[in-house]
Amino acid sequence: MDPHSSAQDVHRCDLCETAIVHSYCDFCHVNLCKLCIADHISDGYDKHKIVPFQERRSTLIYPKCATHPHKNCDLQCKNCNDIFVCSSCTASETHKGHIFVDVSEVYTTKKNAIADEANKLENLISPTYDEIALDMENQLANLDGGYEKLTTAMSKQGEQWHREIDIIINKKKTEISEIKVKHRDLLQKQLDEIKQIRALINQTLLAIEEIKKSTEVSPTIEYSSKIREFSKLPPKLKITLPTFIPKPLDHKKLNRLFGQITPLSTATKENVLSLNKPNTSVRELLDEPELVATIQTGYEYVGNVTYLNEDCVWTFGSTKDIKCFNTKGELLHTVSNKSKQRPNDIAVDSDGNLLFSDGTSRTVNKVNNGQREELIRLRGSTPCDLCVTSNGDLLVTMFSDGETQSKVVCYSGSTEKQTIQFDDEGKPLYSEIKDFKYITENRNYDICVADCGACAVVVVNQDGKLRWRYIGHPSVTKKKPFKPVGITTDSQSRILTADCYNHCIHILDQDGQFLRYIDNCDLKYPYGLCVDNNDNLFVSEHIKGNVKKIKFLR
């Protein structure tokens with residue numbers, strides 16, 4: 001079809017409505033043919049801008065002024081929430097002394113921002129979604145294979161069990177065969193002895209028959225009676241057959257011994273696409289950490305410490321009160337736990353609200369504007385240490401009644417999202433001792449637990465897979481066993497853990513390699529640890545009842 005003769009493809013003049021368009025008024029926004037151009041600009045208005053039709057709409061279309069309808073709004077008033085105004089408005093009493101900006105500049109800036117957004121959507125965000133979708137498709141494609149490996153591993157375990165059972169049964173059968181031989185030998189020996197005596201009795205009877213028939217005097221008189229000898233019967237041998245006493249089957253124990261299937265892990269983390277360059281600044285360790293301040297809490301024994309804001313920290317101790325101090329040692333707030341005992345641990349959520357775990361009521365609570373709100377109530381388990389993650393979830397270490405293993409549970413609000421308890425081989429990740437497991441999250445989303453009972457720091461990734469264990473660093477000056485308690489991380493993903501009985505703090509890199517000690521600053525029984533936004537370290541001294549602020553990075 002010829003585009004010049006097609007009504008669908010050809011633009012017509014807006015004035016005569018018949019001729020093919022040639023030009024365009026970029027101010028009035030009308031199509032014009034050659035003949036109508038002169039008529040359009042004949043009104044004497046000097047704002048007309050005639051351009052070739054292909055270059056139309058290069059002039060901005062300003063909104064009309066509501067107060068002065070004959071004028072366009074080419075300015076914005078910053079004092080009036082960026083409303084559009086015309087030049088007449090700027091001179092009015094309403095906008096006297098106000099600040100105005102050129103709409104064209106705002107338009108250009110916004111246009112550039114929109115173009116930049118389109119570029120990011122097209123070249124960064126959309127391809128990232130494609131990658132995520134591809135990853136999900138790959139996971140779905142590999143799903144059957146992964147579960148087939150799982151069932152194959154279980155079948156191999158079953159085959160191994162069958163082999164072991166067959167070995168046990170064969171050993172028992174061999175044992176029975178050996179007992180049977182002994183049994184047969186005992187019976188045969190007794191039978192041989194009885195037959196021998198019977199032969200002697202038969203010989204005696206023959207001799208007696210000869211004497212009875214004989215009239216000779218000597219053999220009869222010389223005969224010695226055998227009654228006493230043969231009347232002494234051999235002992236009656238009674239051998240009881242061995243019996244097999246099967247052990248009753250303990251199905252629960254068998255199931256536990258056979259192995260465990262770790263629960264389906266559905267852990268999720270906030271997936272934020274960074275549109276700006278990451279901060280690559282590196283902060284090095286100080287050669288000699290510096291003591292900045294000492295806070296006297298008034299507790300006889302102080303527990304954990306957690307950062308609130310600026311220079312404010314929460315801490316708790318030997319009473320049921322939870323206290324907030326600044327670095328000058330001034331008491332700012334006090335929260336009283338309704339329980340009879342002190343809290344098990346404290347934390348601060350992303351909104352700055354205080355959280356604490358109560359072992360007596362088995363709850364995790366939030367304090368908002370002085371009011372206590374119950375977040376989590378456990379049944380059959382005791383909540384211990386707390387950690388608020390980077391995406392606002394809550395990690396809780398706990399141990400359950402009747403169970404020896406401790407575990408870490410992740411909550412979103414009051415909803416349980418993930419349980420971390422066993423490694424890939426079904427072995428417990430944490431010690432069986434029912435003591436506290438201190439917890440933090442690293443910047444790389446690793447979950448780090450100071451397991452005092454195991455004398456180790458145990459680190460798993462966000463999916464609960466074991467990454468590494470740290471069991472201390474050899475030292476001629478540290479005489480006591482490594483018993484980690486409080487734990488925290490800095491902006492460089494280093495891990496710091498308190499070695500209470502050696503009066504020091506271990507600093508590790510994110511892969512568990514020992515870097516150095518903090519063993520100056522007159523530390524005595526360091527217990528709880530936290531780091532503020534400037535990488536200052538706060539350390540609670542358990543027995544002294546102090547909290548110390550220490551600078552350890554350059």
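Coordinates for the structure precede this section.
Residues numbered from 1 in each chain as written. Predicted model: local features only at pLDDT ≥ 70, side-chain atom pairs only at ≥ 80, totals over all residues. Heavy atoms only, no water.

Any chance you could break down the overall build of the protein chain for me, citing the residues and the numbers?
Of regular secondary structure, the protein chain possesses 7 helices and 30 strands. A compact globule built from 554 residues should have a C-alpha radius of gyration of about 24 Å, whereas the protein chain, at 46 Å, is more than 25% larger. In terms of overall dimensions, the protein chain has C-alpha extents of about 185 × 80 × 45 Å along its principal axes. Looking at the protein chain residue by residue over its 554 residues, the buried ones come to 34%. Looking at the protein chain alone, contacts between residues at least 24 apart form 44% of all its contacts between residues at least 6 apart. When the accessible area of the protein chain is evaluated, it comes to approximately 35300 Å², of which 52% is carbon and sulfur surface. Charged side chains of the protein chain number 71 positive and 76 negative; the gap between the two group centres comes to 10 Å. (Helix = DSSP H or I, 4+ residues; strand = E, 2+ residues; numbered from the N terminus. Rg over C-alpha atoms; globule rule 2.2 N^0.38 Å. Buried < 20%, exposed > 50% of the residue type's maximum accessible area, 1.4 Å probe, protein only. Contact = heavy atoms within 4.5 Å. Areas by Shrake-Rupley, 256 points an atom, 1.4 Å probe, with all protein chains shown as cover. Lys, Arg positive; Asp, Glu negative; His and termini not counted. Charge placed at Lys NZ, Arg CZ, Asp CG, Glu CD.)

Describe in detail unusual backbone geometry, supporting the description with residues and values.
Phi is positive for E17, close to 65°, though the residue is something other than glycine. Following the sequence through the fold, E17 ends up in the segment before β1 (23–25). Phi is positive for D535, close to 65°, though the residue is something other than glycine. Tracing the chain through its elements places D535 in the loop between β28 (526–531) and β29 (536–541).

Before we move on, can you summarise the sheet that holds strand β30 (residues 546–553) with the specific residues and values?
The strand order across the open sheet formed by 4 strands is β7-β30-β29-β28, and the pairing between neighbours is antiparallel. Pairing within the sheet leaves two strands with one partner each, and these edge strands are β7 (285–296) and β28. Recorded for the sheet is a direction-independent mean angle of 25° between the axes of neighbouring strands. With 7 bridges connecting them, β7 and β30 associate as antiparallel partners. Bridge pairing in β30 places Q296 opposite N546. (Pairing = 2+ DSSP bridges. Axes fitted to C-alpha atoms, helices over the stretch in contact; angles between N-to-C directions.)

Let's hear about the pairing of strand β24 (residues 484–489): which residues, and what values?
Judged by how many residues are buried, β24 sits mostly within the fold: 6 of 6 residues are covered. Connecting β24 to the antiparallel partner strand β25 (residues 495–499) that follows it, the hairpin turn spans 5 residues, and S493 within it adopts a positive phi of roughly 65°.

Please set out a nonpolar patch on the surface residue by residue, giving values where relevant.
A cluster of nonpolar residues, L140, L143, Y147, L150, M154, I261 and L264, forms a patch on the protein surface that exposes about 720 Å² of accessible area. If you tally residues by element for the nonpolar patch, the top one is helix α4 (residues 143–213), at 4 residues. Its location among the elements puts L150 in helix α4. For L150, a relative accessible area of 38% gives the class partly exposed. (Patch = residues over 30% accessible without salt bridge, like charges linked within 9 Å, V, L, I, M, F, W, Y side chains within 5 Å. Salt bridge = Lys/Arg side-chain N within 4 Å of Asp/Glu carboxyl O.)

Lay out the nonpolar core in plain terms, naming residues and giving numbers.
In terms of nonpolar packing, the biggest core is built from 30 residues, with L496, I505, I518, L537 and F552 touching the most fellow members. When near neighbours in sequence (up to four residues on either side) are disregarded, I505 contacts L496, T497, A498, R516, Y517, I518, L523, P526, L529, L537 and V539. (Core = buried A, V, L, I, M, F, W, Y, C linked by side-chain atoms within 4.5 Å.)

For the packing of α4 against helix α7 (residues 251–258), give the residues involved together with the corresponding values.
At their nearest, the axes of α4 and α7 sit 11 Å apart, and the two run at 115° to each other. Residues M154, Q157, G158 and W161 of α4 lie in contact with α7, whose contacting residues are L254, L257 and F258. Class assignment for the residues of the contact of α4 with α7 results in 5 nonpolar, 2 polar and no charged. (Nonpolar A, V, L, I, M, F, W, Y, C, P; charged D, E, K, R; others polar.)

Please provide a residue-by-residue account of the pattern of salt bridges, values included.
Counted under the stated rule, the structure contains 17 salt bridges. One salt bridge connects K417 with D393, and the closest N-O pair in it is separated by 2.6 Å. Here D393 lies in the loop between β16 (381–388) and β17 (394–400) and K417 lies in strand β19 (residues 415–420), a separation of 24 residues in the sequence. R467 serves as the salt-bridge partner of D446, at 2.4 Å between the closest nitrogen and oxygen. With D446 in the loop between β20 (437–441) and β21 (447–451) and R467 in strand β23 (residues 466–470), the pair connects residues that are 21 residues apart, well separated along the chain. Take R467: its relative accessible area is 35%, and that puts it in the partly exposed class. In the salt-bridge network here, residues are joined through shared partners; they are D446, R467 and D511.

Quick one: what's the story with the state of the cysteines, residue by residue and with numbers?
Here a disulfide denotes a covalent bond joining the sulfur atom of one cysteine to the sulfur atom of another. Inspection of every chain in the model, using the stated rule, returns 0 disulfides. No disulfide involves C80; its nearest neighbouring cysteine sulfur is the one of C77, lying 3.6 Å away. There is no disulfide at C86, and the cysteine sulfur nearest it, in C65, is 3.6 Å away. (Disulfide = S-S within 2.5 Å.)

Pulling in residues and values, what's your account of the side chain of E441?
Note on placement: E441 falls in strand β20. Here E441 is buried and forms no salt bridge, its nearest opposite-charge partner R443 lying at an N-O distance of 7.7 Å. In terms of polar contacts, E441 uses its side chain to reach the backbone amide nitrogen of S390, at 2.8 Å. Leave out the neighbours within four places in its chain, and E441 touches C387, T389, S390, D446 and T489. (Polar contact = N/O pair within 3.5 Å; in protein donor to acceptor, adjacent residues only side chain to side chain.)

Now, about the sheet that holds β20: what can you tell me, with residues and values included?
Paired through their backbone hydrogen bonds, the strands of a sheet run either parallel or antiparallel. If you trace the 4 strands from one edge of the open sheet to the other, you get β20-β21-β22-β23, paired in antiparallel fashion. Of all the strands in the sheet, the pair left with one neighbour each is β20 and β23. Across this sheet, the average inter-strand angle for adjacent strands is 20°, counted without regard to direction. Alignment of strand β22 (residues 456–460) against β23, held across 4 bridges, turns out to be antiparallel.

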